[in-house]
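Coordinate inspection notes
The lines below spell out each chain.
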Amino acid sequence: MPGPTRGFLGRRRTTSDPRLPPGQYDVGGDWPVLTAEPTPRISPETWSITVDGEVENPTTWTWDQAHALPTSAYRGDIHCVTTWSKFDTHFAGISVDTLLDVARPTAEGRFVMAVSKTGYTTNLPIEDVTGGKAWLVWEFDGQPLPIEHGGPVRMLVPHLYFWKSAKWIHTITVMKRDQPGFWERNGYHDRGDPWKQQRYQGD
Amino acid sequence: MGGWRTATVAGVRRPVVRSVQLRLDVHDRVDHLPGQHYVVRLTAEDGYTAQRSYSAASAPSDPLVELFIERLADGEVSTYLADVVEPGDELEVRGPIGGWFVWDGATPALLVGGGTGVVPLVAMIRHARDLGRLDLLRVAVSSRTLAELPYADELAAAGALVVLTREAHGIRPAARMTGMDLFPLVEPGQTAYVCGSAGFAEAASQLLVGLGVPPSSVRVERFGPSGLPDAWR
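Just so it is clear, the structure is predicted and the values come from calculations on it, not from any experiment.

Moving on to the overall build of chain B. Counting its secondary structure elements, chain B contains 5 helices and 11 strands. Over its C-alpha trace chain B gives a radius of gyration of 17 Å, about what one expects of a compact globule, namely 17 Å for 233 residues. The C-alpha extent of chain B, read off along each of the three principal axes, is 55 × 35 × 30 Å. Intrachain contacts of chain B at a sequence separation of at least 6 include 64% that bridge at least 24 residues.

Dropping the structure here:
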C-alpha cells in the first residue's frame, strides 16, 4: 500500500458508516443503471422462471404461478462492484428457497447459474442462494420493478456484489461444478463478497 | 491484470471544457485491448480511498496509457484528476480490466458513442489505424456541441458520423441520434459497441435493435452522473 495521493482530500466524511463495505460509497437516493446488453422487452404474460439442471423435479412457474407462492421481502443494503452502495432498499417477491424446495437439487448440485432473458449469466455457490439469502423480486419500494432495473423480475442476492443479482431472470440451472458466468469470464470474481472486496479474479 | 501499480503522470491536457486528458506511464504495464478500462485509486492522508474506472483512449501500441476524464461538478475523483493532478504526480492504477467491451481488431464493428462515451471507441479507432484496418469500423458519435466532443478531429478523420444535439452540423440540424442516422452504418456481421450515459446507451441500443441488429451483437457500456465509475458513464 503506497502513501497518500498528493493533494487528495476526498469527500468530507464523518465517522464511517458500518453498513459501508470497504471501497464503497453511499449513492444516496440514486440507483445507477449498469447493463452490458440492450434492455429487453418482457411482458408479465410471457415471463416465466425455470429451475433445471441437477434437480429431481425441474419446474417452470408462470407469472401467475410465481405470484401464488408465499411472498418474501428484503429490506437492507445493496452493493455494486463499481463502488456505489445503496442503503435501506426494499424489494418484494419470493424466496429462491421456495423454488428450490419444489425443484429439489440433488446432493451433487452445488452451484447455480442464473440466466437472464438476454443471455446474461452469473454463477453462485448454492449456499449463497439458499437459507433466506436470495430472492426473485418484482417490486421495489412498493412499485413494480422498472425494466431498466431488471423488471419484471430480477434475482436479488444482496450479500454479494450486485452483478450476481441477475436482471430479467429466466432460468436457474443447478450445476455439479462451478462455471464462470458473463462477468466472471470477463475478469470479475467468482463469488463477489463486498466485505472481502472480491471484485476481480484473484482478489 | 494483476494488482495495483504505480503510474507516473506524463502529461495533462485540457482540450475540451470540463474534462482532462491524462497521459500515464504505468509501471510494469500489461497491454490493454481497445475498450478496456483502468481503475484509478486515490488515497487521502488518513488512509481514506476512492476509486473510479476510466476507459483507455490510447491504442495498445501507445507507450503511455491515455485516459480522458469528464469533470463532474460533484465528482470526488474526477475533480481531483481535472483540477489537482500535475505532470510528475504518481497515481495508483489497476488494469486493464474488462473482457466484454473489447474489439478484437479483426472483425467488423459499429461504434456508437455519446459524450465521453466516445473514449473507448477512440482506442478502437486508433488500434484499427495501427493495423491499417479502419475499413472494419463504422462510427457514429453524439455530443451536445462540437466543442464538447472529445477527440472530435480524430473521430472526423476516421469518417465518424457526428450528431450534435444542441447545434447544427453541416446540413444536419440539432437533433438527437435517430435510426435514420445509424441505418447507413449497419452491416451484417458487425458487432456493435455502444457507450455513453445510461439514457444515451439505452436509446442508441434500442435504435440498433430496431434496425434489425441482433441484441446479442450489441455490447453496451453505460454510465450515469451519480458518482459512478466515470468510464461506465
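From this point, things continue past the structure.
Along chain A, the regular secondary structure elements total 3 helices and 11 strands. Counting from the amino terminus, chain A carries its helices and strands in the arrangement β-β-β-α-β-β-α-β-β-β-β-β-β-α. Taking 2.2 N^0.38 as the reference for a compact globule, 203 residues should give roughly 17 Å; the C-alpha atoms of chain A span a radius of gyration of 18 Å, in line with that estimate. Counting only C-alpha atoms and orienting by the principal axes, one finds that chain A spans roughly 60 × 35 × 30 Å.

Moving on to the sheet that holds strand β3 (residues 59–62) of chain A. All names here are of chain A. Spatial ordering of the open sheet is given by β3-β2-β11-β6-β7, a layout of 5 strands whose pairing is mixed. With partners counted over all chains shown, the strands left at the sheet margins are β3 and β7 (121–125), one partner each. Taking each pair of neighbouring strands and ignoring which way they run, the sheet shows an average axis angle of 15 degrees. Sitting on the sheet, helix α2 (residues 96–103) touches β2 (48–53), β3 and β11 (169–175), and the angle it makes with β2 is about 50 degrees.

Structurally, D77 of chain A is set in strand β4 (residues 72–79). Residues D77 of chain A and L20 of chain A lie 57 residues apart in sequence; the distance between their C-alpha atoms is 8.9 Å.

Let's shift gears to the sheet that holds strand β8 (residues 137–143) of chain B. Residues and elements named next belong to chain B. Strand order in this open sheet of 5 strands is β9-β8-β7-β10-β11, and the pairing throughout is parallel. Looking at the sheet topology across the chains shown, the edges are occupied by β9 (161–164) and β11 (218–223). The sheet shows a mean angle of 10 degrees between the axes of neighbouring strands, direction not considered. Contacting β7 (109–114), β8, β10 (191–197) and β11, helix α2 (residues 119–131) runs over the sheet at an angle of about 150 degrees to β8. Packed on one face of the sheet, helix α5 (residues 198–210) meets β7, β8, β10 and β11 and runs near 155 degrees to β10.

Turning our eyes to something else, we now look at α2 of chain A. Spacing of three or four residues puts side chains on the same side of an α-helix, whose turn is 3.6 residues. All names here are of chain A. Within α2, burial applies to V96, L99, L100 and A103. Seen end-on, α2 carries its buried residues on one side only, within an arc spanning 95 degrees. Check the buried side of α2 and you find it contacts β2, β3, β5 (84–95), β8 (135–140) and β11. Once α2 finishes, R104 follows within two positions and takes phi at roughly 55 degrees, a positive value.

Another aspect to go through is the interface of chain A and chain B. On the side of chain B, 38 residues touch chain A, which itself brings 33 residues to the contact. Residues of the side of chain A that touches chain B, tallied by class, amount to 14 nonpolar, 12 polar and 7 charged.

Residue and element names in this part refer to chain B. Domain annotation for chain B reports domain 1 (5–97) and domain 2 (109–232). Spacing between the C-alpha centres of domain 1 and domain 2 amounts to 22 Å. Split into classes, the residues belonging to the side of domain 1 that touches domain 2 amount to 11 nonpolar, 9 polar and 3 charged.

A few words now on the pairing of strand β4 (residues 49–55) of chain B. Residue and element names in this part refer to chain B. With 6 of 7 residues buried, β4 lies mostly within the body of the structure. When strand β3 (residues 37–43) meets β4, the two strands line up antiparallel, connected through 7 bridges. Across the sheet, the residue bridging to V40 is R52, located in β4.

The rules behind the values
Residues numbered from 1 in each chain as written. Chains lettered and ligands numbered in written order. Predicted model: local features only at pLDDT ≥ 70, side-chain atom pairs only at ≥ 80, totals over all residues. Helix = DSSP H or I, 4+ residues; strand = E, 2+ residues; numbered from the N terminus. Rg over C-alpha atoms; globule rule 2.2 N^0.38 Å. Contact = placed C-beta atoms within 7 Å. Pairing = 2+ DSSP bridges. Axes fitted to C-alpha atoms, helices over the stretch in contact; angles between N-to-C directions. Buried ≥ 20, exposed ≤ 12 C-beta atoms within 10 Å, placed from the backbone. Arc of directions from axis to C-beta. Nonpolar A, V, L, I, M, F, W, Y, C, P; charged D, E, K, R; others polar. Domains from an automatic or database assignment.

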